[in-house]
Each structure stands twice: as C-alpha cells, then as structure tokens.
Amino acid sequence: MTYPSLPLAAPGTTPVRVLTVAGSDSGGGAGIQADLRTFAMLGLHGCVAITAVTVQNSTGVTEFAEIDPTIVAAQMRSVVSDIGVSAAKTGMLASAPIITAIADAAVDLGIGRDGAIPLVVDPVSASMHGDPLLAADALGALTTQLFPLATVVTPNLDEVRLLTGIDVVDDATQRAAAVALHAMGPRWALVKGGHLRGSDLSPDLLYDGTDFHQFPAPRINTPHDHGAGDTLAAAIVGALGHGYSVPDAVAFAKRWVTRGLAAAYPLGAGHGPVNPLWRLAPSTP
Ligand code: PXL
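This write-up is about the structure you can find in this document. Everything quoted here is computed from the prediction, not taken from an experiment.

Topic: the pattern of salt bridges
(1) Moving on: Overall, the coordinates contain 7 salt bridges when judged by the stated rule.
(2) Moving on: In this structure, Asp167 and Arg161 form a salt bridge, with 3.0 Å as the shortest nitrogen-oxygen distance.
(3) Moving on: A salt bridge links Lys254 to Asp204; its shortest N-O distance comes to 3.1 Å. Residue Lys254 is found in helix 8 (residues 246–262), and its partner Asp204 is found in strand 8 (residues 204–207); the two are separated by 50 residues along the sequence.
(4) Moving on: On the basis of relative accessibility, which here comes to 7%, the residue Lys254 falls in the buried class.
(5) Moving on: In this structure Asp204 comes out as buried when scored by relative accessible area, which is 3%.
(6) Moving on: Through salt bridges that share partners, Asp158, Arg161 and Asp167 make up one connected network.

Okay, structure coming up:
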C-alpha cells in the first residue's frame, strides 16, 4: 500500500486550517478527539465547534450534554472569521436545533456547496454500541438543511438504511443507495462498505450524479474500530483542505483509515479505537 502523506507547513509558518463541528468522546477514540489527531498527523491546524459532550468509555456512551445551539454557531463564526479554514466537517450533531444553527452559520460563512469552503457531512446517528447520538426527530433537519450544503456525505451502511431505507447487500444496492443519497442534495455521496456482511472487502462507492468511483480495500478484521468513520471523514477534510479533488481526497482517506485500522489497539474492556497515529510507529516504512 502506498504511504499516504500530505505536505507539512515549514516550522514557524501557518499550516492549512480546517474545522470540525462535532462531539467530544471522553474515551478519546472518536469525535473531535479522533478528528484533531488526524488533522495533526496530516499537518493541519484543527479548529473545533463542539456540539455535545459525551460520557463514554470503551464499553459505550452512558449520557451526553448538548451544547447550546447559539454557542455551537458562535464557535464556528469565531474561528472562521479570524483564523480562516480551508475545509470543514460535521460529526455528532445531537439535535435539530443544533443542526439548524450550524446550517445557518455555514451559509453565512461560505461553508458548503455554494461557498468556498468544502463541507464533509458525516451523518453520525449512533455509536458503534448502538447508543443514539442524534435525536430521532433530527433526521429531517439533517437531510433537508445540511445535506444540500454538503460537498460530500459519508454514511455507513446503518446510516444508509436509516436515511434511505435501502439495505445494502451488494454492488447493485450500494449503487441504488448512492443514487438515493445524492438525490438528497449533496454534491457527492460516499456509501461506505465497511459494514458489508459476509465480505472480506470494505468497498466504498462515491457518486456525483454522473459517475461512480469505487474504492476497494481489504477488510481489516478488528474489534477495535471505534472512530473509524470520524477518522475517514477527517482525512477527507484534510485532503480537501490541501486542495485535493473529492475523488482523490476519498482515495487518500481510505488508505489512511485502512492503515489506522491495521494499527488499532485494545483499550478498556470494550472496543479500542482506530489509530490515527499509525504513521509514528517505528516499523512504518
Ligand atoms: O464514531 C461516531 C462518533 C462520533 N462522535 C462521537 C462519538 C461517536 C461514536 O461513539 O462518540 C462524539
């Protein structure tokens, strides 16, 4: 596998800046923690707008506190107006009022489809343990307010089922899901194949309304994949921030997260995280 790398800023010079609008994971494996570690490894300066503070460890999420929607939007406005960002992503959004506040701020700040700043929307709905991270009544706000702003949406197969009703079991149903998601307004839909049952591959499929791009990869069989979706989306943001096209950014991020999964580690009594620091391992070529 080729070695994914992005240019680092020279010491003392300002790196490319990116923004994550997401929740905090007290266990340090997913959410803003995964995003910031990925951004740092890609030579980026990461800004954050925190949406929620989860209480969780390797065995699951027990509760979370939502941040006031005006504070979520204010974090976005504060960093974008002063620091400036080249790309942004959303992760855990918790509630419909938070989504509305983010969508309004994004439009004002030029984040999203018709603005200059590409936006990756990772439609996080639940933790890997099945604990809800998005209110059931917030799905409509997500698809009607945020999807039309998205440069790319990156659902996993559980989220695809929730969003489209399509059960992806093979290439044909994955294509149908990509078409259905694209019709909800994003410029590109990425249907991640990591949860495909009975396959030793993890095929991701990207669609822009015209062309399908396939990103095959071996399935890394590990129980320690907490934060894999966040890490993939963060790596897409990183590559977009560095000026990659969407298909190139997805190809880069897919290789990045596959390496992270191969280097994942156990943590606590449950599921450990994907390892965004894999490149620091002494054995890395
Ligand atoms: O991996 C999705 C995710 C995103 N954000 C937060 C999470 C999780 C999964 O648990 O806790 C804060």
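Things to note about the sheet that holds strand 7 (residues 188–191)
(1) Moving on: Spatially, 9 strands are ordered 3-2-1-4-5-6-7-8-9 in an open sheet, and the strand pairing comes out mixed. At either margin of the open sheet sits one strand with a lone partner, and together these are strand 3 (60–66) and strand 9 (212–215).
(2) Moving on: With 6 bridges joining them, strand 2 (residues 45–57) and strand 3 adopt antiparallel strand pairing. Across the sheet, Ala52 pairs through a bridge with Glu66, a residue of strand 3.

Describing helix 5 (residues 157–164)
(1) Moving on: Those residues of helix 5 that sit buried are Leu157, Glu159, Val160 and Leu163. Looking straight down helix 5, one finds that the buried residues subtend no more than 150° of arc, so they occupy a single side.
(2) Moving on: Close packing links the buried residues of helix 5 with helix 4 (139–146), helix 6 (171–182) and strand 7.
(3) Moving on: Positive phi appears at Gly165, one or two residues downstream of helix 5, with a value of about 80°.

Notes on the side chain of Thr90
(1) Moving on: Looking at the secondary structure, you find Thr90 in strand 4 (residues 87–90).
(2) Moving on: What makes Thr90 buried here is its relative accessible area of 1%.
(3) Moving on: Setting aside its immediate chain neighbours within four residues, Thr90 contacts Val21, Ile102, Leu119, Val120, Val121, Asp122 and Leu146.

Description of unusual backbone geometry
(1) Moving on: Although it is not a glycine, Ala94 adopts a positive phi angle of roughly 70°.
(2) Moving on: With respect to the helices, strands and loops of the structure, Ala94 is situated in the loop between strand 4 and helix 3 (96–109).
(3) Moving on: A relative accessible area of 1% places Ala94 in the buried class.

Notes on the site of the ligand
(1) Moving on: In the neighbourhood of the ligand, the contacting residues comprise Gly23, Ser24, Ala30, Gly31, Thr54, Gln56, Met92, Val124, Ser127, Leu133, His226 and Asp230.
(2) Moving on: Here Asp230 contributes a side-chain N or O atom positioned 2.6 Å from an oxygen atom of the ligand.
(3) Moving on: Contact with the protein chains removes 93% of the 310 Å² of surface that the ligand exposes when unbound.
(4) Moving on: Put simply, the parts of the chain that give the shell around the ligand at least two residues each are strand 1 (17–25) and strand 2.
(5) Moving on: Looking at the shell around the ligand, its residues break down into 4 nonpolar, 7 polar and 1 charged.

Here we look at the nonpolar core
(1) Moving on: Residues Leu19, Met76, Ile111 and Leu146 are the most contacted members of the largest nonpolar core, which totals 52 residues.
(2) Moving on: Here this core gets 8 residues from one element, more than from any other, and that element is helix 3.
(3) Moving on: Setting aside chain neighbours within four positions, we find Leu19 in contact with Cys47, Val48, Ala49, Met76, Val79, Val80, Val85, Ala87, Ala88, Lys89 and Ile111.
(4) Moving on: One finds Phe39, Ile236, Ala253 and Val274 within the second-largest nonpolar core, a separate group that totals 32 residues.

Thresholds, definitions, all that
Residues numbered from 1 in each chain as written. Predicted model: local features only at pLDDT ≥ 70, side-chain atom pairs only at ≥ 80, totals over all residues. Heavy atoms only, no water. Salt bridge = Lys/Arg side-chain N within 4 Å of Asp/Glu carboxyl O. Helix = DSSP H or I, 4+ residues; strand = E, 2+ residues; numbered from the N terminus. Buried < 20%, exposed > 50% of the residue type's maximum accessible area, 1.4 Å probe, protein only. Pairing = 2+ DSSP bridges. Arc of directions from axis to C-beta. Contact = heavy atoms within 4.5 Å. Near = heavy atom within 4 Å. Polar contact = N/O pair within 3.5 Å; in protein donor to acceptor, adjacent residues only side chain to side chain. Areas by Shrake-Rupley, 256 points an atom, 1.4 Å probe, with all protein chains shown as cover. Nonpolar A, V, L, I, M, F, W, Y, C, P; charged D, E, K, R; others polar. Core = buried A, V, L, I, M, F, W, Y, C linked by side-chain atoms within 4.5 Å.

By themselves, these figures tell us nothing about what the structure is for.
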